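# Chains, contacts and geometry: an overview
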Amino acid sequence: MIDFLSQPWPWYIAGPLITVIMVSMFFFGKTFGVSSNLSTICAAAGAGKKIEFFRFDWKSKVWNLIFLAGLVIGGVISSTILKNPDKIDLNPKTEEVLNAHGIMNEGVLPVELFGLDALFTMKGFLILLIGGFLVGFGARYAGGCTSGHAISGLSNLQLPSLVAVIGFFIGGLLMVHLLFPIIF
Amino acid sequence: MKSIKFLLAGTIFGIILSKSEAVSWFRIFEMFHFQSFHMYGIIGCAVVLGALATFIIKRMGAKDYTGEPITFIPKNKTYINGILGGTLFGFGWALAGACPGPMFVLLGQGFASILVVIGGAILGTFVFGMIKRYLPF
């Protein structure tokens, strides 16, 4: 059973399971969206004293922080009990592009970006910090992230969500095709 | 104890994101090269079934576990922020290879450097809150 679960899960298993998680959250009387937790964290840290945007009852959002804590536990389980040591079965063409950027396909994350050697260089640190900054800023400006817009928003046929998802792809495509050759 | 269901849902979601490799920087890179159906299959499948589920919940007037009707809050009908914010999000998603959910899953997987990405995301949210009134919507 553990061996079976440890293999990579195909999209036609993962996709429906994500729907099950979303519907479960609806059944619990809540919503499905991760990025609003970042606002909750700011509010809980006292950002509401100075900034109106964070002046809300963050305690009413603790359920979502608990969901977030679950994500961390899910990560622990996946990298221990359900660990799969094989490298990711990428398209060989993708591997060629990666190698041309000096990145090898090993593990879950490229060591060239996430390894401690990379982290302690100015460039490596800035890539991660700016990447994270853009995700946080962009998600709040767009009003949601992959879970809130791409999955629950599109499921509810929300036009603003479609516009945001188009934005996600404009940004992602510009990044990998135009900016990566400059950065890497 | 009422909170344990959220912890459990998050844990299972974290396992799904891990085992489907959606948390992997490599899969995001591959997705933006249109060289695999994998990520499109995951998101597409979740959306098609999600739309069906949402339709059925609305049609049946389904209730949550407390007996309250399940309601859907429509997204704000603004679009400039969607395209501009969405594009900035996309830059970050491709660069860091993680959207907000996967960041926390990767923390659980033991990648210390993801803390810089999470710190950046919290900082980005904070700066957004600070300058929101100057931004077009």
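Above this note sits the structure.
Worth saying up front: this structure is predicted, and the values here are computed from it rather than measured.

### Details of the overall build of chain B
Helix and strand counts for chain B come out as six helices and zero strands. Seen in sequence order, chain B has helices and strands lined up from the N terminus as α-α-α-α-α-α. Counting all 137 residues of chain B, 58% fall into the buried class. Of the contacts formed within chain B by residues at least 6 apart in sequence, a portion of 44% connects residues at least 24 apart. For chain B, the accessible area works out to roughly 5,800 Å², and carbon and sulfur atoms hold 71% of it. Charge-centre separation for chain B: the mean point of 11 positive side chains lies 9 Å from the mean point of 4 negative side chains.

### Things to note about the layout of surface pockets
Here the largest pocket is characterised by a volume of approximately 1,200 Å³. The wall of the largest pocket is formed by 44 residues, among which A:T31, A:R140, A:G143, B:I73 and B:K75 lie closest to the centre. Among the elements of the structure, α3 (36–44), α4 (62–79), α8 (122–142) and α9 (146–155) of chain A are those that each provide at least two residues to the lining of the largest pocket. Sorting elements by how many residues they give to the lining of the largest pocket places α9(A) first, with four residues. Its residues assigned to classes, the lining of the largest pocket comprises 17 nonpolar, 20 polar and seven charged. Taken as a whole, the second largest pocket holds about 350 Å³ of empty space. Every residue lining the second largest pocket is counted, 19 residues in all, and those nearest its centre are A:K83, A:N84, A:G107, A:V108 and B:Q109.

### Here's the deal with empty space enclosed by the protein
The full count for this structure, using the stated rule, is one cavity of 30 Å³ or more. Secondary-structure elements contributing two or more residues to the lining of the largest cavity are α9 of chain A together with α1 (4–19), α3 (38–60) and α5 (100–108) of chain B. Residues that form the lining of the largest cavity fall into these classes: 15 nonpolar, three polar and no charged.

### Things to note about the side chain of B:D64
For B:D64, the position within the fold is in the loop between α3 and α4 (80–96). Although B:D64 is buried, it forms no salt bridge, and the closest oppositely charged side chain is A:K30 at an N-O distance of 7.9 Å. Among the polar contacts listed, one links the side chain of B:D64 to the side chain of B:T66, at a separation of 2.6 Å. If near-sequence neighbours (up to four positions away) are discounted, B:D64 is found in contact with A:F26, A:F27, A:F28, A:G29 and B:I70.

### Here we look at helix α5 (residues 92–100) of chain A
All buried positions along α5(A) are accounted for by A:T94, A:E95 and A:L98. The buried residues of α5(A) occupy an angular sector of 100° when the element is viewed end-on, so they sit on one face. Every exposed residue of α5(A) that faces more than 90 degrees away from the buried side is listed here: A:P92, A:K93, A:E96 and A:A100. Its buried side turned inward, α5(A) meets α2 (25–31) of chain B. Where α5(A) begins, one side-chain oxygen reaches toward the backbone nitrogen of A:K93, 2.9 Å away; that side chain belongs to A:N91.

### A closer look at the interface of chain B and chain A
Between chain B and chain A, the residue contacts involve 102 residues of the former and 118 residues of the latter. Carbon and sulfur atoms make up 80% of the area that chain B and chain A hide from each other, which totals about 9,900 Å². Together, B:K19, B:F26 and B:L95 form the three largest contributors to the area buried by chain B at its contact with chain A, with a combined 9%. Linking chain B to chain A there are zero salt bridges. Our count for the contact surface shared by chain B and chain A stands at 24 residue pairs in polar contact (both at pLDDT 80 or more). With 16 residues, the single largest contributor to the side of chain B that touches chain A is α4(B). When the residues that make up the side of chain B that touches chain A are grouped by side-chain class, the tally is 61 nonpolar, 30 polar and 11 charged.

### Some points on the packing of α9(A) against helix α10 (residues 159–183) of chain A
Two numbers describe a pair of packed helices, the interaxial angle and the distance between the axes. All names here are of chain A. Interaxial distance between α9 and α10 falls to 9 Å at its minimum, and their mutual angle equals 135°. On the basis of their axis angle, the class for α9 and α10 is oblique. When you trace α9 past α10, the crossing you get is left-handed. Along the contact surface, α9 presents T146, H149, A150, G153 and L154, while α10 presents P160, S161, L162, A164, V165 and F168. Of the residues in the contact of α9 with α10, the class split is seven nonpolar, four polar and no charged.

### Here we look at the environment of B:Y65
Residues and elements named next belong to chain B. Take Y65: it is sitting in the loop between α3 and α4. A relative accessible area of 39% means that Y65 is categorised as partly exposed. For the pair Y65 and Q35, spaced 30 residues apart in sequence, the C-alpha separation works out to 42 Å. In terms of polar contacts, Y65 uses its side chain to reach the side chain of K5, at 3.2 Å.

Reading the values: rules and limits
Residues numbered from 1 in each chain as written. Chains lettered and ligands numbered in written order. Predicted model: local features only at pLDDT ≥ 70, side-chain atom pairs only at ≥ 80, totals over all residues. Heavy atoms only, no water. Helix = DSSP H or I, 4+ residues; strand = E, 2+ residues; numbered from the N terminus. Buried < 20%, exposed > 50% of the residue type's maximum accessible area, 1.4 Å probe, protein only. Contact = heavy atoms within 4.5 Å. Areas by Shrake-Rupley, 256 points an atom, 1.4 Å probe, with all protein chains shown as cover. Lys, Arg positive; Asp, Glu negative; His and termini not counted. Charge placed at Lys NZ, Arg CZ, Asp CG, Glu CD. 1 Å grid on protein atoms, 1.4 Å probe; cavity = no way out; pocket = protein on both sides within 12 Å on 5 of 7 lines; lining within 4 Å. Points joined across faces, edges and corners; volume = space filled by probe spheres on them. Nonpolar A, V, L, I, M, F, W, Y, C, P; charged D, E, K, R; others polar. Salt bridge = Lys/Arg side-chain N within 4 Å of Asp/Glu carboxyl O. Polar contact = N/O pair within 3.5 Å; in protein donor to acceptor, adjacent residues only side chain to side chain. Arc of directions from axis to C-beta. Buried area = accessible area lost by both parts, 1.4 Å probe. Axes fitted to C-alpha atoms, helices over the stretch in contact; angles between N-to-C directions. Parallel < 35°, antiparallel > 145°, perpendicular 65-115°, else oblique. Left-handed = near helix turned anticlockwise from the far one by under 90°.

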